[in-house]
Amino acid sequence: MSDFKLADRLSTLPPYLFAAIDKAKAEVAAQGMDIISLGIGDPDLPTPEFIIDALHEGAKKPVNHQYPSYVGMLAYRQAVADWYKERFNVDLDAETEVVSLIGSKEGIAHFPLAYINPGDLALVATPNYPVYGIATSFAGGEVEYLPLLEENDFLVDLDAVSNDTWAKAKMIFVCYPNNPTAATATKEFYERLIEKAKEFNVIVVSDAAYTEIYYDPTNKPISILECEGAKDVCIEFHSLSKTYNMTGWRVGMAVGNKDLVAGLGKIKENVDSGIFQAVQEAGIAALKEGEPYAEKFRAIYKERRDVVSAALTKAGIKHRIPEASFYLWCNTPKGFTSSEFVTNVLKQTGVVLTPGQGFGTPGEGYFRISLTVNNERLEEAVSRISKL
């Protein structure tokens, strides 16, 4: 039998967080326990019917059965630009400042290949979505993690980063509304980040996938591109996945600085063949007509948030009440590490949670709950946890 050794870039990786959760969940389910999965942020609500209809119509067009554009149909990119203008009052050139993505994860994973050389440094705000650091490592870069702490409202302490580190850095990854902490960024924070990035010639990579899951319509999350000078240094990644319950459709976008967008586009020319155009046509429909549906989804998540928060309070579990995203960031009870607590909960109750430490060292002492099941199951889940 041949023995094929994995490349070093794979053999040095830790287990991918959500794959490990799926494996543990399957093992407990095999024992016959009723599983309530609050681990992965995958909406349980269906994609709106009008989006499915647009896909159906698009799939019937022979022209859509051929190779699509690497960077995306101009009509799709224009719909993205129009949506950014309406939602954030940000002007984008659809031809040069927008590129389509096979989901924002694909774009984030490929972006460092365009700008990170072996040995280059990327700063990653943590706790974080694991792909930022992994993608940097795949490109041969080095990663320095910047802690997101509760006392700073889980915003990066930009002044705590030394000038030597800023000078070495090639890019910085931030995510707001944040996964996993659900923290939101202020305009003042973004302005300071842009100022630092311009001073030291650092690329700002903004992951904004959760801006449309918010609970106060008078205080909507903002895009970094709303800030003056952002286009000089920023590329922002967004997705239709969470906004319109389209996680399985794999359709998203990157927007911002035209050179950064073009750099990502050059990578995509060589590694993929674009999004099926019928999916792009469905994406156009979502961006143009989806806001009333997104509003309904937000109301459902708000109700779920309030149900879980009340149950956690009753159970004596400290937590943040999120202003955005569909996550609750909760404090692990005393006497447990985050992994110990989550493992104990899974084995004894069948409830799947995500350990905070899995998102990075500053996540130790926390666990994450996803609001991606109905109220009855959420109440049942917290009830099981509270009886431990």
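Everything numeric here is computed off the predicted structure, so don't read it as measured data. (Residues numbered from 1 in each chain as written. Predicted model: local features only at pLDDT ≥ 70, side-chain atom pairs only at ≥ 80, totals over all residues. Heavy atoms only, no water.)

Draft legend 1. Inspection of helix α10 (residues 258-271) at higher detail. Helix length check: α10 (14 residues) gives 20 Å between terminal C-alpha atoms against 20 Å at 1.5 Å per residue, within 8%. Those residues of α10 that fall on the buried side of the exposure criterion are Leu260, Val261, Gly263, Leu264, Gly265, Ile267 and Lys268. Contacts from the buried residues of α10 go to β2 (98-101), α5 (104-115), β6 (203-207), α9 (230-233), β7 (234-239) and β8 (252-256). You can read the cap of α10 off the contacts: a side-chain oxygen lies 2.9 Å from the backbone nitrogen of Asp259, and it is on Asn257. (Helix = DSSP H or I, 4+ residues; strand = E, 2+ residues; numbered from the N terminus. Expected span 1.5 Å × (residues − 1). Buried < 20%, exposed > 50% of the residue type's maximum accessible area, 1.4 Å probe, protein only. Contact = heavy atoms within 4.5 Å. Polar contact = N/O pair within 3.5 Å; in protein donor to acceptor, adjacent residues only side chain to side chain.)

Draft legend 2. Quick look at the sheet that holds strand β4 (residues 142-147). One open sheet accounts for seven strands, arranged β2-β8-β7-β6-β5-β3-β4; its pairing is mixed. Edge positions in the sheet fall to β2 and β4, since each has one partner strand and no second. Pairwise comparison of adjacent strand axes, ignoring direction, gives a mean angle of 20° for this sheet. Two strands pair when backbone bridges link them, and strand β5 (residues 169-175) and β6 are joined in this way by five bridges, in the parallel orientation. Across the sheet, Met171 pairs through a bridge with Ile203, a residue of β6. Relative to β4, helix α6 (residues 131-138) is tilted by about 160°, and along the sheet it contacts β3 (121-126), β4, β5 and β6. (Pairing = 2+ DSSP bridges. Axes fitted to C-alpha atoms, helices over the stretch in contact; angles between N-to-C directions.)

Draft legend 3. Examining the sheet that holds strand β12 (residues 366-370) more closely. Strand order in this open sheet of three strands is β9-β12-β11, and the pairing throughout is antiparallel. Because the sheet does not close on itself, it has two edges, and the strands there are β9 (327-331) and β11 (354-355). In the sheet, β9 pairs with β12 via five bridges, with the strands oriented antiparallel. For Tyr327, the partnering residue across the bridge sits in β12 and is Ser370. Strands in contact with helix α12 (residues 291-315) are β9 and β12; relative to β9, the strand with the most contacts, it is inclined by about 10°.

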